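# Coordinate inspection notes
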Amino acid sequence: MIKKFYLVFIALIMLITAACSSTTSNEDEISDVEVVSEVEGTVRVSLAGWQLESGIDPITGVENMGLNEFIKKEFEPRYPNIKLEIYQVPWENAQAKQTAMLKSGDVDVLYTGGAFASQWQQQGLLRGLDDLMENDSTFDPSIYLEGVWENSYSTKSYDKSVHFGIPAILGRRIIMYDKQLFDEWGVDYLSENPTPEEVLEKAKAMTGKNPKTGEENFGIWWDGKSLNASSFVALSHAFGATGGEGTLNDLKNIKWNLNSPEMVKIFEWLKDATKYAPPGMLNTQGNENFGLEKNNIAIHLDASGASTMGEVKASGNKELLDRFESTLNLGPNGEGWVAVDPFVMAKDVKSEEASWEVLKFLTGPITQEWNYVNFKNTPTLADASFVEEEDKYMKTAMEIAQISKSSLLDEANPFFGSELVPAINGFISEAHNGDAPDIQSYLDDLQLRAEKWSANQ
């Protein structure tokens, strides 16, 4: 009994020692972080869609560090006198909830969708950031992708005179294609900057019964029910369709040009392309296996590469990276639609100095690296050396973001979201079902609706 007691006692001592050693190690790790600011204050932060708690990624099986743990390790040691009150908001009702928070003065800093932010800026609910940036020698805007910083309505006012947001996360909209299907059909791979004509020609050539496997293949897929018509925007760059002349801060005086020859070409392309797409594209379906071994679609517009990278991480098999290639988007230089989600500051901010420090941290390199490593969110940084070398899809997305510009055909445009997008998706649906309306008449009607809409603004 004495021997057993002795052994148990020794084991307990070892456990306690190990625990103390672990605690000391963590404390040493945190204590190595230098204090950045002694600014004091409480900052209320609203985050749309962020994961607060640490957990296991269901696809890769890798443990992810949630925001709460990240804040404790990386933010609190640097800003010991700033207290964060964090509110998580689901994307499904983020706009309504965050708008209510802004109007009631219950929030200081927000992460949100770019279209939401631009609308709030127009409504006078956000604080401009130019004076804060100018008076802060530690803030360097050149760390962000120039195309995003200078051209996005998610960060700049419609007339580009006011910076109201800092870009935090990019959406990925790249063209991907299946080299294996191209080989089986004997079709040349896509060029690095494919034109709409090239995409259409090769999609047509790979629709039908695969000559090698005998299975049904589809030449192309894009989201025929997209809420932001991202493929349409990429086509507008390609065909030079601007949608009109004017600025979004003067909606009444926009000179619409929605029935132009360039716009007709876009709709003609959409009509032809629907012949080579699976039926599910009308309901954002049919591409479930794209990027994976059982894929049957040759070309995917506005893809992300997330499924492929997730499978590679989960299995360790990198063959999919060789099979699925990425290219720039359809614009003359590879432009497309780029989603930019920013951090913004409420106009009625309570602790301005502390809120600015928080906003800088949450959009800076430390947070963006954590967001990439744990959740594979695309960074907005010009130098994102932490992106893995093999993650070619993300690198392509960042190239597109660097060169793409906003136009009237953007989700920030109220008419685009409320009227034009449904018209585009409606046309795609009718065309796919073999009942496409006369394109010129369709666009003439859209032009009249746009003119009437502007007159009522």
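Residues numbered from 1 in each chain as written. Predicted model: local features only at pLDDT ≥ 70, side-chain atom pairs only at ≥ 80, totals over all residues. Heavy atoms only, no water.

For the protein chain, an unreviewed UniProt entry supplies the name Extracellular solute-binding protein and the organism Metabacillus bambusae.

### So, the overall build of the protein chain
What the protein chain contains, in helices and strands, is 17 helices and 14 strands. Taking 23 Å as the expected radius of gyration for a compact globule of 457 residues, we find that the protein chain reaches 25 Å, a close match to that expectation. For the protein chain, the spread of C-alpha atoms along the three principal axes comes to 90 × 55 × 35 Å. Entry remark: accessible area of the protein chain is about 21,300 Å², with carbon and sulfur atoms responsible for 50%. The averaged location of the 70 negative side-chain charges in the protein chain is 4 Å from the averaged location of its 38 positive side-chain charges. (Helix = DSSP H or I, 4+ residues; strand = E, 2+ residues; numbered from the N terminus. Rg over C-alpha atoms; globule rule 2.2 N^0.38 Å. Areas by Shrake-Rupley, 256 points an atom, 1.4 Å probe, with all protein chains shown as cover. Lys, Arg positive; Asp, Glu negative; His and termini not counted. Charge placed at Lys NZ, Arg CZ, Asp CG, Glu CD.)

### Here's the deal with the environment of S161
Tracing the backbone through its elements, the reader meets S161 in the loop between α6 (146-151) and β6 (165-170). Distance in space between the C-alpha atoms of S161 and E198 is 39 Å, their sequence separation being 37 residues. Within polar-contact distance, the side chain of S161 engages the side chain of D159 at 2.7 Å. (Polar contact = N/O pair within 3.5 Å; in protein donor to acceptor, adjacent residues only side chain to side chain.)

### What about the environment of E411?
Relative to the elements of secondary structure, E411 occurs in the loop between α15 (392-403) and α16 (414-432). Overall, E411 belongs to the partly exposed group, its relative accessible area being 26%. As for E411 and F116, which are separated by 295 residues in sequence, their C-alpha atoms are 9.5 Å apart. With residues near it in sequence (within four places) discarded, E411 still touches A115, N228, W337 and F416. (Buried < 20%, exposed > 50% of the residue type's maximum accessible area, 1.4 Å probe, protein only. Contact = heavy atoms within 4.5 Å.)

### With respect to the confidence of the model for the protein chain
When pLDDT is averaged along the protein chain, the result is 91, and 93% of the positions lie at 70 or above. Contacts for the low-pLDDT stretch residues 1-31, under 50 throughout, to residues beyond four places or in other chains number one contact. (pLDDT = per-residue confidence, 0-100.)

### Here we look at the packing of α16 against helix α17 (residues 439-455)
Closest axis-to-axis distance for the α16/α17 pair is 11 Å, and the angle between their directions is 165°. In this view, α16 runs roughly antiparallel relative to α17, as classed from their interaxial angle. Our pair here, α16 against α17, has a crossing hand that is right-handed. Residues P414, F415, E419, L420, A423, G426, F427 and E430 of α16 pack against I439, Y442, L446, R449, A450 and W453 of α17. Here the residues of the contact of α16 with α17 are counted per class, giving ten nonpolar, one polar and three charged. (Axes fitted to C-alpha atoms, helices over the stretch in contact; angles between N-to-C directions. Parallel < 35°, antiparallel > 145°, perpendicular 65-115°, else oblique. Left-handed = near helix turned anticlockwise from the far one by under 90°. Nonpolar A, V, L, I, M, F, W, Y, C, P; charged D, E, K, R; others polar.)

### With respect to α15
The end-to-end C-alpha distance of α15, which contains twelve residues, comes to 17 Å, matching closely the 16 Å that a straight helix rising 1.5 Å per residue would cover. Residues of α15 that are buried include every one of Y393, M394, T396, A397, M398, I400 and A401, and no others. (Expected span 1.5 Å × (residues − 1).)

### Some details on the packing of aromatic side chains
The full count for this structure, using the stated rule, is 31 aromatic pairs. Their ring planes at 20° and their centres at 4.8 Å tell us that F75 and Y79 sit as a pair that is stacked. Here F75 and Y79 have matching classes, each one buried. Three or more aromatic residues joined by ring pairs form one cluster here, namely W50, F70, F75, Y79, W91, Y111, F343, F361, W370 and F375. Lying across the ring of Y372, K376 places its NZ or CZ 4.7 Å from the centre. (Phe/Tyr/Trp six-rings, centres within 6.5 Å; stacked < 30°, edge-to-face > 60°. Lys NZ or Arg CZ within 6 Å of the ring centre and 35° of its normal.)

### With respect to the packing of helix α9 (residues 230-239) against helix α10 (residues 261-273)
α10 packs onto α9 with a crossing angle of 130° between their chain directions and a minimal axis gap of 9 Å. With respect to each other, α9 and α10 are oriented oblique. Both α9 and α10 take part in a crossing whose hand is right-handed. Residue-level contacts link F232, L235, S236 and F239 of α9 to E262, M263, K265, I266, F267, W269 and L270 of α10. In the contact of α9 with α10, the residues fall into eight nonpolar, one polar and two charged.

### Side note on the layout of surface pockets
As a volume, the second largest pocket reaches approximately 280 Å³. Taken together, 15 residues make up the lining of the second largest pocket; nearest its centre are T138, K360, F361, G364 and P365. Elements that contribute at least two residues to the lining of the second largest pocket include exactly α13 (352-363) and α14 (365-375). In terms of residues, the lining of the second largest pocket owes the most to one element, α13, which gives four residues. Here the lining of the second largest pocket is built from residues that sort into eight nonpolar, three polar and four charged. (1 Å grid on protein atoms, 1.4 Å probe; cavity = no way out; pocket = protein on both sides within 12 Å on 5 of 7 lines; lining within 4 Å. Points joined across faces, edges and corners; volume = space filled by probe spheres on them.)

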